[in-house]
Structures are given as C-alpha cells and as structure tokens.
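Spelled out, the chains give:
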Amino acid sequence: MNTLLEVKDLNVSFQGNENENKTGNKSENKNETVTAVSCLSISIREKETLALVGETGCGKSVVAHAIMRLLPPESIVKGTIEFKGKNLLKLSEKEMAKLRGKEISIIFQNPSLALNPVYSIGHQLAEPLRIHTQKMRWKEKEGKKEKVKQKEKREKKKENSNLSKVSRALKRVGFSNPREYMGYYPSWCSGGMNQRFLIAASTMLDPVLLIADEPSKGLDRDRVSELENELKGLKEKSETSLLLISHDLGFVRRLADRVAVMYAGEIVEIADPSSLFESPLHPYTRGLLNSLPERGFVPIPGASPPLSNPPAGCRFHPRCPIKEKRCTQERPELKESNGRAVRCFLCP
Amino acid sequence: MSLKAENLSKTYGSGLLGKGKCIFRDVSFELEPGQTCGLMGPSGEGKSTLGRIIAGLESPTAGTIHFKDSPLSGMKKAEYATFRRRVQMMFQDPTDAFNPRKRIEHSISEVLKLLDTPGTERIRRTKEMLKTIGLPEEVLARYPAQLSGGQLQRLALGRILLLEPEYIVLDEPTSALDVSVQAQILHLLKKVQAEQGIGYLLISHDEAVVRFMSGKMGMLENGKLKVFE
C-alpha cells in the first residue's frame, strides 16, 4: 500500500505572548516557549487507520491542527508534512483551502461547539458542497440576459442536488428522515446527534484522509458504540484513511490498524493494537494500560511534565519505575524493530 | 447519622401549560458515612438531577430528604446551613468549577472566608489540604487555565474538603479526565474516604468505575431506581 501522509520531524512550538505576561505571572511567562510537539514522525498508508493516543495536553490535537494548517499564526511549525507527495507546510493558503474538506477533513472534538449555533444543520452540511463547487460558478460569463435565466435554472438545480446530497449523507449516518433534521439547529440536538452531523459534514466530499480528533469525548457508551459502527462503516464503504486521535483506549483498540502512543510531545511507541495491548514495551504504555478499569485502576505516580520545561534525558524518567542513570542524561531515540518502534533504552 | 431520601419524585415543566415530564418517581435510598453508593443509568434519566436534589441544589416535586433524622423541609435556617455545608457536590468538568479570572488561591480562600476563618488559620488549612490532595504549593499562584484537568479536579475536591463535609455527591467525577488521571483521582477519593469517613454518592455511567468504588449500586432507568448490592 502506498503512503498517503508522511509527517517527518514535526516540531510545533508556541511563544508565550505579551498579553499573557500582563495578566499572568510575569517572571514565569516571560519568553516562555512551549514546545507542544517535538521530532514527531508518523506515516499513514492508504485505507489505514492510525490511532494517536496519550494523555490530555500531550500534543495530539496540535498534530491534527498542524496537518490541517489550522494552528494560530504565532505558532512555529518546522519539519515536513507530505500529503500525496506535496509538502503541506509549503502550500499557499489558497491551495490549502482547496484541500481542506475535499481531500483532508477533520471532525473536531466537542461537536456542540464545532457547529454554528445560528445556522440550520442543512445549511452547515451543504457548506463544503458550496465552497468546493463555487469555482464553476465563477467561470460562467455573466452579462447576456438569456444566459442569466439559464444560470438561475442551473443554480436551482444545483441547490436541489446539494440538498439531495446532504440528505443522502444524513441517511448514511443513520437519520431515517433527513429532510426533517436539515431544518434543525445544533442546540435542539443531543451531543451524539451533533457528532453524527459533523461526521456527515466532514465526509460529504469523500476525503482521502479523515482526521477524527477525540470523536468519542463526552459521549455516553451507547453513543460511542454507535460512533464506532459509523467509523467502521465509513472505512469499509469508502477508501478513507483515518487518523484517530483519542484517549479512549478501548475505542482505539477496536478501530485502529496501528497505534502510536504519545507522551509529552513525543511518540514513545508505535505498534499494532494486539501487540501493543498484550505486550506493551515502553514503561509509559505499560502504566497507561494498568490504569484501565479492567486492570484495576493502577495509576502512574506523578504528573506529566510541563511542555515549557520538559525534563532532560527521557521525558518519562521522573515517573518511570525502571529508570537508570542513563535515562536522566541522554535522550533515547525511537528504535524500530519487527514493525514496532519504541523510545526507551531499556526495551529490547 | 445518615442521609436518607424518601419517595423522591421530580417532574419538569409542570404548571399551567401542561402535565410536564416526569423524570423519576418514588426513589428511596440511604447514604451511610464512610461508604459509597453508586448510581448508574443512561444519560437523560435524571441521575444528575437526583444528585442535585440530594445536595440541596434543587427541590424535589414530591418526597423528602432526611439529614440526621430531621426532614429538610422542616429545618430552621441554621440547621439548613449546616446541611448545606455538610453535604457537598463535585462536578464533572473541573475547568468550569473555578473562576478563570482568579488565581487558585482566591478560589480556595473564598471558602474559608465564608467560614470566617482567621488569616493564619486559613494558610495552615490550605497547606494541610494541599498535602492531602497531593499537590505542591506553587499551584496556588496559578490560574485555572494553567493547570491540567486532573490537577483542577484534585483542587475541586480539596476545596470541598475544607468545608469538612460528611457526604459528597460526585457527579461523573472522572468522565472528563484521561484513564491514567482517572485512576489517580479514584485512588485519591478512596484515600480521603478512609481518612475522613465521608459518604459518597457516586454518579457515573461507567460501570467499571462504580464497581471499583462502591459496594452498593443503584440503577436509574425508566424513572425507577433499582438497588442491588
């Protein structure tokens, strides 16, 4: 299978801005640079589901936003993100806008906030269709009166076809009478419904790569299993690759083809789900799995380090139960063997 | 010494316009100090509403709550104030529980000011509380946005502990947190319970969490409460 997306040595950092200095703790925030992601390399093949797991604040969402080029302007992004052979970081905003929604699409976390409260669902779902077909309309020459009538007719037709496309998309995510739901507003609907609207919107144009950023967050169990079926169906029906970002390990295990574990802005382990969940190598992965309910909620001692000031050497060493002297001084590299990769001196 | 709920019912939207929607009917149970009672059920079944009624934040449509053998409705003002202090509630999202524009120190000391604690005593108790919840003193100078969800949830619990509660209603205390942090918070809750003998009403949709924490479990479904040990 061909590689669809290749991220190489991605570094994302944010500079503490002046506004923050005024309100925040002056001595602490001065020139504070937060390196949210450091030296991250991942690749996604066609039709593959890669999951990115890790604690809140470890930089998972930053990776997603870097791929979509949605980070705020004050962020410093280094490295390469190659999508179908093109470096996304070098594209102009206009070229990027053409890709967004059509080739690469994202489902944001917190569905109720990602939808606009003042537009109806139907209007918002038709947005990708409107934006990515607008170009055709620009090309049409205006002026001649007979043509204006024809144009109006054509536009009406297009609107109708848009509507039927939207209703088809809604049907695909499990709404039996889509015409009714198209008139709804986000505040009328539950979180699970809004989540499905978002999935419908982001898969409207059959993107090659879909990024799902914490899609299961805040949904209760029934909704999560519905969502799981949704994403499974999507993978089977279309040829979409999926970058699944989540901290819900059970959800990841059932969906992913490969899992990358992140800790404090770095990838610490990459493996296929069965070997990762059955024989985790990195001490952090082991700790993470031990804190699962089925393994008796054994917590990892301590807390993850601040990204503005990560510890020297291995970033996990202050919490690691098996650390050696070397771990506190040298930074381990990501070692690959037998299709697995792990960032630890002490792992085979 | 227990907190008893008798035949609680709650109906929303009942008034001149219509009959309203009955959320639950005839719910009775008892909370003992030092023990945890789990409350499960699908979302929208009124788990949180029941929790809020127990904590005195909402009033039931019918039924009574007995705190230390006296019914809530017949309480004098001072008695009711004690009840509100002794029965506390911890919410799902810790970021919403703190004022984003104030330092943590302010949000914490607000509670002690309310109890008319003198300055030196305030500092001592805050330090003691931080030790219990396992956070360094530096966090006091921070803003809520500078702390992680796990740290904030610890602080939310710490702020409650300053009031020396006898019962805490935990409304999905870990569902906004990561698995690793969830385990830490659950262990902390158990530790605090063992030390101070607080009774918990744990509301959660996660069966594993409820099983880990509590001996007694209730299931709220279709407006009825089923209790099993």
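Our subject is the structure that appears above.
In this report, the structure presented in the accompanying data block is examined. None of the values given here were measured: they were computed from a predicted structure.

**Quick word on the overall build of chain B**
Then comes step 1: Counting its secondary structure elements, chain B contains seven helices and 10 strands.
Then comes step 2: Its C-alpha radius of gyration of 18 Å places chain B within 12% of the 17 Å reference for a compact globule of 229 residues.
Then comes step 3: Across its three principal axes, chain B shows a C-alpha extent of roughly 50 × 40 × 35 Å.
Then comes step 4: The 229 residues of chain B split such that 49% are buried.
Then comes step 5: Considering only contacts in chain B between residues 6 or more positions apart, those separated by 24 or more positions represent 71%.
Then comes step 6: A total accessible area of about 11000 Å² is found for chain B, and carbon and sulfur atoms account for 50% of it.
Then comes step 7: Each charge class in chain B was averaged separately, 31 positive and 27 negative side chains, and the resulting centres sit 4 Å apart.

**Comments concerning the interface of chain B and chain A**
Then comes step 1: Chain B puts 21 residues into the contact, and the matching count from chain A is 23 residues.
Then comes step 2: Note on chain B versus chain A: buried area summed over both sides is about 1700 Å², and carbon and sulfur give 51% of it.
Then comes step 3: It is Asp 178, Val 179 and Ser 180 of chain B in chain B that bury the most area against chain A; as a group they hold 31% of the surface buried on that side.
Then comes step 4: Counting across the interface, chain B meets chain A through zero salt bridges.
Then comes step 5: Taken together, chain B and chain A are joined by five residue pairs in polar contact (both at pLDDT 80 or more).
Then comes step 6: If you list the elements that add at least two residues to the side of chain B that touches chain A, you get helix 6 (179-196) and helix 7 (207-213) of chain B.
Then comes step 7: Ranked by residue count, the leading element in the side of chain B that touches chain A is helix 6 of chain B, at eight residues.

**Observations regarding helix 5 (residues 149-161) of chain B**
Residues and elements named next belong to chain B.
Then comes step 1: With 13 residues, helix 5 ought to run about 18 Å at 1.5 Å a step, and its terminal C-alpha atoms sit 18 Å apart, in line with that.
Then comes step 2: Most of helix 5 sits out of view: 11 of its 13 residues are buried.
Then comes step 3: Among the residues making up helix 5, those that are buried are Gly 150, Leu 152, Gln 153, Arg 154, Leu 155, Ala 156, Leu 157, Gly 158, Arg 159, Ile 160 and Leu 161.
Then comes step 4: On its buried face, helix 5 sits against strand 6 (87-90), helix 3 (104-114), helix 4 (119-133), strand 7 (167-171) and helix 6.

Thresholds, definitions, all that
- Residues numbered from 1 in each chain as written.
- Chains lettered and ligands numbered in written order.
- Predicted model: local features only at pLDDT ≥ 70, side-chain atom pairs only at ≥ 80, totals over all residues.
- Heavy atoms only, no water.
- Helix = DSSP H or I, 4+ residues; strand = E, 2+ residues; numbered from the N terminus.
- Rg over C-alpha atoms; globule rule 2.2 N^0.38 Å.
- Buried < 20%, exposed > 50% of the residue type's maximum accessible area, 1.4 Å probe, protein only.
- Contact = heavy atoms within 4.5 Å.
- Areas by Shrake-Rupley, 256 points an atom, 1.4 Å probe, with all protein chains shown as cover.
- Lys, Arg positive; Asp, Glu negative; His and termini not counted.
- Charge placed at Lys NZ, Arg CZ, Asp CG, Glu CD.
- Buried area = accessible area lost by both parts, 1.4 Å probe.
- Salt bridge = Lys/Arg side-chain N within 4 Å of Asp/Glu carboxyl O.
- Polar contact = N/O pair within 3.5 Å; in protein donor to acceptor, adjacent residues only side chain to side chain.
- Expected span 1.5 Å × (residues − 1).

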